[in-house]
Every structure is written in structure tokens, then in C-alpha cells.
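Overview (structure and organization)
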Amino acid sequence: MVRTNTNWQMISVYDNKIITDGILEWQVADSDERILFRKSSGYGLLSKNLGVIIEPIYSELLWWSDDRHTLFMGIKKVNDTVSQLDYLNSHGLILRSTKVRTAILDDLICED
């Protein structure tokens, strides 16, 4: 990750090419390999080896890990009353997608 004025870029150390730019904030996700990032379009996930795994389209991107697996949950607002939940694996493949009433999202998400 390289800081440029107010944003960040991910640059390949092998060929010095920009993998993605315009990153507003970032943090290490479930391992040193994956980075959760936010652009103006939303949250996404980067892999140091694979580049962008999950496109930055989610208003929230949460994850759970154990010793062997990581599961991501992306939340997208569809309209004022409905949100879409996408459950993704560590390679960005959507395992399940469902729509729920936005009002019950807090009941579905328990971060403890």
C-alpha cells in the first residue's frame, strides 16, 4: 500500500503496476494476505497475491474466521426499506444472496 496525497494505492512490487487506487481507508482482514478497503463506491477486499477479490460495492463488509475458513458478508442497500446480503467465500465467490428488510439488519448482525 502506498499513500498518495489523501488516498492509498495498492501497487505490485513485481512489476510496479497499480492494482487499484482511490482507496480512502484500509485494514488487514483475516490474515496478512487479505486487506479490507473502502473507496467512495463502498467496501471491498484485496488479496496481496490475487488483487481485488471482492469489488468495492458494499456499504458494509464483515467477516468471520476460524482456523480453516473465512466467510464474508457484504451488505448493499437496494432501496430505503430493503438491503441485499451476500455471503462470500475467501475467493470472492457468492455462496448465497438474500434480500431482507433494512430495519431488521441490526438483529441479524451480532459482532460479539
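Description of the structure in this document. On a predicted model such as this, the values are computed, not experimentally measured, just so you know. (Residues numbered from 1 in each chain as written. Predicted model: local features only at pLDDT ≥ 70, side-chain atom pairs only at ≥ 80, totals over all residues. Heavy atoms only, no water.)

1. Looking at the pattern of salt bridges
Under the defined criterion, the tally for this structure stands at two salt bridges. One salt bridge in this structure joins Lys76 and Asp86, with 3.9 Å as the shortest N-O distance. In this pair, Lys76 sits in strand E9 (residues 70-77) while Asp86 sits in strand E10 (residues 82-88), placing the two residues 10 residues apart along the sequence. Accessibility expressed as a relative area gives 24% for Lys76, which makes it partly exposed. Residue classification places Asp86 among the buried residues on the basis of a relative accessible area of 1%. (Salt bridge = Lys/Arg side-chain N within 4 Å of Asp/Glu carboxyl O. Helix = DSSP H or I, 4+ residues; strand = E, 2+ residues; numbered from the N terminus. Buried < 20%, exposed > 50% of the residue type's maximum accessible area, 1.4 Å probe, protein only.)

2. What about the sheet that holds E10?
Read from one edge to the other, the open sheet built from four strands follows the order E8-E9-E10-E11, with strand pairing classed as antiparallel. Two strands bound the open sheet, and with one partner strand each, they are strand E8 (60-65) and strand E11 (94-101). Going across the sheet, the axis of each strand differs from the next one's by a mean of 20 degrees, ignoring polarity. Judged from the six bridges that link them, E8 and E9 form a sheet pairing that is antiparallel. Of the residues in E9, the one forming a bridge with Glu60 is Ile75. (Pairing = 2+ DSSP bridges. Axes fitted to C-alpha atoms, helices over the stretch in contact; angles between N-to-C directions.)

3. A closer look at the side chain of Asn89
By secondary structure assignment, the location of Asn89 is in the loop between E10 and E11. Within the structure, the side chain of Asn89 is placed 2.9 Å from the backbone nitrogen of His91, a separation counted as a polar contact. Each residue touching Asn89, except ones within four places of it in the same chain, is listed here: Thr70, Phe72 and Leu95. (Polar contact = N/O pair within 3.5 Å; in protein donor to acceptor, adjacent residues only side chain to side chain. Contact = heavy atoms within 4.5 Å.)

4. Observations concerning the nonpolar core
Leu36, Leu45, Ile53, Ile54, Tyr58, Leu61, Phe72 and Leu88 form the largest nonpolar core, which has eight residues in total. Here this core gets three residues from one element, more than from any other, and that element is strand E7 (residues 51-58). (Core = buried A, V, L, I, M, F, W, Y, C linked by side-chain atoms within 4.5 Å.)

5. A word on the environment of Asn7
If you trace the backbone, Asn7 turns up in strand E2 (residues 7-11). Overall, the relative accessible area of 23% leaves Asn7 in the partly exposed class. Placed 16 residues apart in sequence, Asn7 and Ile23 show a C-alpha to C-alpha distance of 5.4 Å.

6. A look at the side chain of Ser47
In this fold, Ser47 is placed in strand E6 (residues 42-47). For Ser47, a relative accessible area of 0% gives the class buried. Filtering out sequence-adjacent residues up to four positions away, Ser47 remains in contact with Met10, Glu33 and Ile53.

7. A short note on the pairing of E10
Within E10, five of the seven residues are buried, leaving the element largely enclosed by the surrounding structure. Note: E9 against E10, six bridges, orientation antiparallel. The residue of E10 that forms the bridge with Gly74 is Asp86. Between the antiparallel neighbours E9 and E10 lie four residues. Relative to E11, E10 is paired through seven bridges, and the arrangement is antiparallel. For Tyr87, the partnering residue across the bridge sits in E11 and is Arg96. Hairpin connection from E10 to E11: five residues lie between these consecutive antiparallel strands, with Gly92 at a positive phi of about 85 degrees.

Purely geometric stuff here, so don't read any function into it on its own.
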